[in-house]
Amino acid sequence: MIAKKYNWILLDLDDTLFDYSKTEFYSLQKLCEEFFGKFNEEIYKSYGTINRKYWTAFQKDEIKIDDVKVGRFKEFADVNFPDIKTDSQILSERFIDFLSESTILLDGAIDFLDFLIDNNFKPSVITNGIRRNQLSRLKLSGTAKYFEHVIISEEVGFAKPRKEYFDYAKSKINFENERTLIIGDNIDTDIKLGQMHEVDTCWFNIIEKENHSDIKPTYEVKSFDELKSLLLKA
């Protein structure tokens with residue numbers, strides 16, 4: 001048993017435990033081949049730009065989650081396949097079907113979750129995502145059993161780093177700020193959430209991005225091994 005600084009571990013999912021880049025790519029490929037008969041890197045990049053725009057607006061509380069789910073596909077189809085008539089609601093649901101079936105975890109994720117449980121940490125999920133997709137992947141991947149709570153922005157009605165999201169998570173998990181570590185890959189959501197609410201953060205930066213913002217994590221790691229070492233020493 002280790003004497004540890006942190007008790008509660010709040011983990012992001014996408015690109016922190018799940019390899020979301022691969023999941024998104026393969027899911028969009030399946031969608032485009034089924035409905036449009038065409039897919040390439042340019043189409044994928046177009047989707048990424050549109051998708052980020054909608055999620056950013058949701059995080060700022062400018063639009064609702066249903067606007068994200070449907071609106072991004074209306075714009076995506078209009079931009080990339082203007083001559084093909086489609087129903088953006090159907091596109092959205094089919095895409096979520098494909099996402100929900102994907103269980104691509106980052107290498108070392110299960111070993112890290114075992115480490116948390118073996119050392120009596122209390123892990124919970126904090127994610128900006130769609131309920132059906134996130135719960136399905138947790139179940140199918142066998143990782144749902146590791147988490148005491150799963151806090152999903154679609155259920156909350158607000159996204160990280162909004163105060164409403166933080167307050168909801170705290171009311172459900174009942175964590176103590178000074179004994180909690182937020183771990184995630186996104187500076188603007190995960191790390192900003194901790195900065196705004198005085199909770200320590202760890203930037204899980206496995207692709208070694210540069211941080212040009214004024215949002216500074218408490219720690220930065222580039223692998224699960226570094227993360228385990230940090231938690232043992234903190």
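### Topic: the sheet that holds strand β5 (residues 200-204)
Spatial strand order, β3-β2-β1-β4-β5-β6: 6 strands in an open sheet with parallel pairing. Every other strand in the sheet has two partners, leaving β3 (150-152) and β6 (219-221) as the edge strands with one partner each. On average, each strand axis in the sheet is tilted by 20° relative to the strand beside it, whichever way the strands run. Pairing analysis gives 4 bridges linking strand β1 (residues 8-11) to strand β2 (residues 122-127), with the strands arranged parallel. In the sheet register, Trp-8 faces β2, and the bridge partner there is Lys-122. Of the strands in this sheet, β1, β2 and β3 touch helix α8 (residues 163-173), which is tilted by about 160° from β3. Packing against the sheet, helix α9 (residues 187-197) makes contact with β2, β4 (180-184) and β5, and its axis sits at approximately 160° to β5.

### Looking at the packing of helix α1 (residues 20-35) against helix α2 (residues 41-59)
One can describe the packing of α1 onto α2 by two numbers: an axis separation of 11 Å at closest approach and a directional angle of 115°. If you check the angle between α1 and α2, you find them roughly perpendicular. Note that α1 runs across α2; the crossing there is right-handed. On the side of α1, the interface is formed by Ser-21, Glu-24, Phe-25, Leu-28 and Cys-32, while α2 contributes Glu-41, Ile-43, Tyr-44, Tyr-47 and Asn-51. Split by residue class, the contact of α1 with α2 holds 6 nonpolar, 2 polar and 2 charged.

### Overview of the environment of Phe-98
Mapped onto the fold, Phe-98 is located in helix α4 (residues 88-100). On the basis of relative accessibility, which here comes to 8%, the residue Phe-98 falls in the buried class. Placed 127 residues apart in sequence, Phe-98 and Asp-225 show a C-alpha to C-alpha distance of 31 Å. The contact partners of Phe-98, leaving out residues within four places of it in the chain, are Ser-27, Lys-30, Leu-31 and Glu-34.

### Section: the environment of Phe-175
Relative to the elements of secondary structure, Phe-175 occurs in the loop between α8 and β4. Residue classification places Phe-175 among the buried residues on the basis of a relative accessible area of 3%. Sequence separation between Phe-175 and Ile-9 is 166 residues; the distance between their C-alpha atoms is 9.2 Å. If near-sequence neighbours (up to four positions away) are discounted, Phe-175 is found in contact with Trp-8, Leu-10, Phe-166, Ala-169, Lys-170 and Thr-180.

What counts as what
Residues numbered from 1 in each chain as written. Predicted model: local features only at pLDDT ≥ 70, side-chain atom pairs only at ≥ 80, totals over all residues. Heavy atoms only, no water. Pairing = 2+ DSSP bridges. Helix = DSSP H or I, 4+ residues; strand = E, 2+ residues; numbered from the N terminus. Axes fitted to C-alpha atoms, helices over the stretch in contact; angles between N-to-C directions. Contact = heavy atoms within 4.5 Å. Parallel < 35°, antiparallel > 145°, perpendicular 65-115°, else oblique. Left-handed = near helix turned anticlockwise from the far one by under 90°. Nonpolar A, V, L, I, M, F, W, Y, C, P; charged D, E, K, R; others polar. Buried < 20%, exposed > 50% of the residue type's maximum accessible area, 1.4 Å probe, protein only.

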